[in-house]
Amino acid sequence: MNPLIVGEDIWKVYRVGDVEVQALRGVSVTIEQGEFVAIMGSSGSGKSTLMNILGCLDQPTKGQYRLNGVEVGQLRPDQLAEIRNQQIGFVFQSFNLIPRTSALENAQLPLFYRGLSLKEQRTLASAALQRVGLKGREHHSPTQLSGGQQQRVAIARALVTSPSLLLADEPTGNLDTESSQDIMGILEGLNRDGMTVILVTHEVDIAAYASREIVVKDGQILSDRATKGRSQVVGA
Amino acid sequence: MLAFVWLTVITALRVLGRNRLRAGLTMLGIIIGVGAVIAMVSIGEGAKQAVQKQIATMGTNVIMIWPSYMTIGGVRGAQGGAVTLTVADALELKKRIPILSETGWLIRSTMQIVNGNRNWNGPVHGVSPSYVTIRDWSFSSGGSFTQTDMESAARVALLGQTVVENIFEPGEEPVGAIIRIKNVPFRVIGVLSPKGQSVQGSDQDDVVFIPFTTAERKVFGTLFLGSVGGVFVSTERTEDLVDAAEQIRQVMRARHRLQGEQPDDFTIRTQVEIGKVQEGTSETLTVMLMIIASVSLLVGGIGIMNILLVSVTERTREIGIRMAVGAKRFHILIQFLIEALTLSVVGGCIGILFGVLAARLTTVIAGWPTIISSDTVAVAFVFSVVVGLFFGLYPANKAARLNPIDALRYE
Ligand SMILES: Nc1ncnc2c1ncn2[C@@H]1O[C@H](COP(=O)(O)OP(=O)(O)OP(=O)(O)O)[C@@H](O)[C@H]1O
Ligand SMILES: [Mg+2]
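Keep in mind that what you see is a predicted model, and the values were worked out from it rather than measured.

Student: If you had to explain the overall build of chain B to someone new, which residues and values would you point to?
Tutor: Within chain B one finds 13 helices and twelve strands. The globule rule puts the C-alpha radius of gyration for 411 residues at 22 Å, and the 33 Å found for chain B is more than 25% above it. In terms of its C-alpha atoms, chain B occupies a principal-axis envelope of roughly 105 × 60 × 40 Å. Taking all 411 residues of chain B together, the buried fraction comes to 47%. Sequence-distant contacts in chain B: of pairs separated by 6 or more residues, those separated by 24 or more amount to 77%.

Written out as C-alpha cells, the structure is:
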C-alpha cells in the first residue's frame, strides 16, 4: 500500500515587503496510514506551515507533496477544497467554531458542503458529537460551552466525515491539563480505530501519546524517531 | 443542492436577523425605490386610463374636420374671414367616400338658456341628428331628435346633465318642459347621459343640442346659410381611420380648389391621433419614472454592496473555517449572493407593500384614480432580485476568492 503522506523537499517561502521568510527549507517526510505523529519544535520553526501544507490548506512554494498518491502541488483551489472535505479533518488551537451556531450545526458543516441531505447531516453529526462525549449539548452555541467542550465540537466536526487524516495544530494549547487529557484520549481512540493523526504540540506529555516524534527547527526536520507510544504502554 | 440552498437561506436570514437595524437601514434604499416606483406607476396608470376613458367619450372611430383660417404668405387672415366648411362639404364627403359610415356637423354658440326664473349661460350646439350618433351620446331620459325635426327646423332640445342641474329643481322632470334659448321657446325631448370631462378638460355635459337647421334659421342668425363649425365623421373599422382622413383631405382640397402649394383651409384630426398625443405625455412620465427608479435602485444596490463588504470582512474567519472544512468558492459565492438577495428581495417586498399602500392612500385622500397592475408588481420584484444579484456579486466574489489560510488567520 502507498504511504498516506509523501513530502519531498518541501519549501515554503513567504514574502513580506522586501524580506523573504523561509518558513520551510526542504522538508521530506513520509507518513504511513494509521500512524500517530507528534510534531514538535520551538515557536516559529515552521510547524503550522507544515501542517497547513499537509492539510491542503496551503501549497508548497517548491517541492512535491503527494497525499494518497495524488500530487497536491498543482491542484486548483476547488480541488484542494474537495480533498479537505473528503480526506482531512482539522483541529485548531483556537477551536475555530462558527460563532452563534449550535454544536450540531458546527459538526454538520463538512457534510453540508458534501451535499448530504439534512437528515443524513444531522444523524452523522449527532453520532460524532456523541463520540466526543457531547450528547445532550447539540444545541449549545460555542459561547455556552467550555473550552474543552468547544474543542470536542471541533474534533466532532473533524471526524464526522471519517477522514483518513486528522491534523491537530496545538489542540490542547488553550486548555487546562484535565481537558487536554480528555482531548488526547479522544484522538488516541480515533487513531486506534485506524485514523492517521498528526499533532503539533509544545508539551512533552502530550507528544507522549504519539508513536512517532518529528522535531522541526528553522524550517527543517531536526529529528524523526519512533517513540514507544503511550497506547502501547496503556495496552501492555 | 436543494438542502444546501435551503440551509444557506436560513443562515442568511439568521445573520440578517441578528443585525436587524443594520439590515433594515440597508434595505431602506430598495424599500423607498420600489415603493416610489409602485406608487407612481399606479398613479400614472390610473391617469392614463382616465385619459383613455375621456378619449372614448369622443365616440368610436371618429374623425373631426375643423375650418382653419387661411394663411396667405405666412400671414394669418382675419378671423371669420371666409366660410371654409359647409354642410355641402359634409354631404359631399359622405357621397364620395364609401368607408365613412356616418357624417354629422355642428355649429356652436354660447347663449342664455332660461327655464322659468332660472337661467344659465352655456354652449348651444346646432347639430345634425347623426352627430349625436357619432359622438355615442346616450340618454338618461327621453331620446334624440329625428331627421324630420331637422327638416322642419323643430324647436326641440336635448340637455346635458350640467345644464339640467342648473336650470331645473332637483327631482323636476326636464323632458316635456319648455325652455327658452335666446328667448325662443324649445321643448326638451331628451336628457343626455353624463360624459364628464373632455380630453381638453372642458365639461362635456355643459351643452344643449338643437337641430342644426333650427339653430341657423331661428336662433343663431348665421350670416352664411350652410356654414358649419365642424364636421364629424366615423368609420366602421379603426384601421380605416388613416385612409379615410387622407381621402377626406383630397376631396376637401378639390372642393375648395386648393392647388399644389396652397395649405389646407381645414384641419383633420382622428381620434387615434388625439390618443397618441396623450400617450406621448404618459411616455414622458414613464421615462421620468424609469430615471427615479434606476437612481433609487442604484442607491439601494450600493447600500447592499456596502453592507455586504462589511459582512465579508467581519466574517473573514468564518469564511476561512468554511473553506477549511471543504467549502468551494462557489459555495461561499452562493452564500453571500443569497444574503444579498435576501436583503434586496425582502426590501423589495416591503417596498411593494408600501407602494401599494401609498397608491391606495392617494386614491382615498386625493381622489386620484390609481391602478396597481400585477405586471408592475412583478417587474418591481424582478428588479429587486436583479439588484441583489448585481450588487451582491462583487462582495460575494471577494469572499469566494479569499485564501483559506489568510482567512483563518484574520483577526
Ligand atoms: N503568512 C505569513 N506571512 C509571512 N510569514 C509567515 C506567514 N506565516 C508564517 N510565517 C513565518 O513562517 C515562520 C513559521 O511560522 P509557523 O506559523 O509555521 O511557526 P510555528 O512553528 O507554527 O510557530 P508556533 O509554535 O508559534 O505556532 C515564522 O517565522 C513566521 O513568521
Ligand atoms: Mg503554529
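Student: Please provide a residue-by-residue account of the nonpolar core, values included.
Tutor: If you look at the biggest cluster of nonpolar residues, it comprises 71 residues, and the most contacted ones within it are Ile5, Ile39, Tyr65, Leu67 and Ile198 of chain A. When residues of this core are assigned to their parent elements, the largest contribution, eight residues, is made by helix α11 (residues 329–366) of chain B. In contact with isoleucine 39 of chain A, not counting residues within four places along its chain, are Lys47, Leu50, Met51, Ile198, Leu199, Val200, Thr201, Ile214 and Val216 of chain A. Counting residues in hydrophobic clusters, the runner-up holds 45 residues, among them Ala90, Ile113, Ala177 and Leu241 of chain B.

Student: Residue-level account of the pairing of strand β12 (residues 266–270) of chain B, with values.
Tutor: All names here are of chain B. Here β12 shows a clear split, with Phe266, Ile268 and Thr270 buried on one side and none of Thr267 and Arg269 buried on the other. Across five bridges, strand β1 (residues 62–67) lies against β12 in antiparallel orientation. Considered in β12, the bridge of tryptophan 66 is made with threonine 267.

Student: Break down the site of ligand 1 for me, citing the residues and quoting the values.
Tutor: The environment of ligand 1 is made up of 15 residues, and the closest members are Ser43, Gly44, Lys47, Ser48 and Thr49 of chain A. More than one chain reaches ligand 1: the nearby residues come from chains A and B. Take glycine 46 of chain A: an N or O atom from its main chain is 3.0 Å from an oxygen atom of ligand 1. Within the side chain of glutamate 170 of chain A, a nitrogen or oxygen atom sits 3.4 Å from an oxygen atom of ligand 1. With the chains in place, 69% of the 640 Å² that ligand 1 exposes on its own is no longer accessible. Every element with two or more residues in the shell around ligand 1 is listed here: β1 (5–16), β2 (19–31) and α1 (47–54) of chain A. The biggest single contributor to the shell around ligand 1 is α1 of chain A, with three residues.

Student: Can you lay out the sheet that holds strand β8 (residues 196–200) of chain A for me, pointing to particular residues and giving the numbers?
Tutor: Across a sheet, paired strands are connected by hydrogen bonds in the backbone, their directions being either parallel or antiparallel. Residue and element names in this part refer to chain A. Strand order in this open sheet of six strands is β6-β7-β8-β3-β9-β10, and the pairing throughout is mixed. The open sheet has two edge strands with one neighbour each: β6 (88–91) and β10 (220–226). Shown here is a sheet whose adjacent strand axes are inclined to one another by a mean of 15°, direction ignored. Relative to β8, strand β3 (residues 36–40) runs parallel, the two being bridged by four bridges. Looking at the pairing, phenylalanine 36 lines up with valine 197 of β8. Here helix α2 (residues 77–87) sits on the sheet in contact with β6 and β7 (165–169), set at roughly 80° to β6.

Cut-off values and rules
- Residues numbered from 1 in each chain as written.
- Chains lettered and ligands numbered in written order.
- Predicted model: local features only at pLDDT ≥ 70, side-chain atom pairs only at ≥ 80, totals over all residues.
- Heavy atoms only, no water.
- Helix = DSSP H or I, 4+ residues; strand = E, 2+ residues; numbered from the N terminus.
- Rg over C-alpha atoms; globule rule 2.2 N^0.38 Å.
- Buried < 20%, exposed > 50% of the residue type's maximum accessible area, 1.4 Å probe, protein only.
- Contact = heavy atoms within 4.5 Å.
- Core = buried A, V, L, I, M, F, W, Y, C linked by side-chain atoms within 4.5 Å.
- Pairing = 2+ DSSP bridges.
- Near = heavy atom within 4 Å.
- Polar contact = N/O pair within 3.5 Å; in protein donor to acceptor, adjacent residues only side chain to side chain.
- Areas by Shrake-Rupley, 256 points an atom, 1.4 Å probe, with all protein chains shown as cover.
- Axes fitted to C-alpha atoms, helices over the stretch in contact; angles between N-to-C directions.

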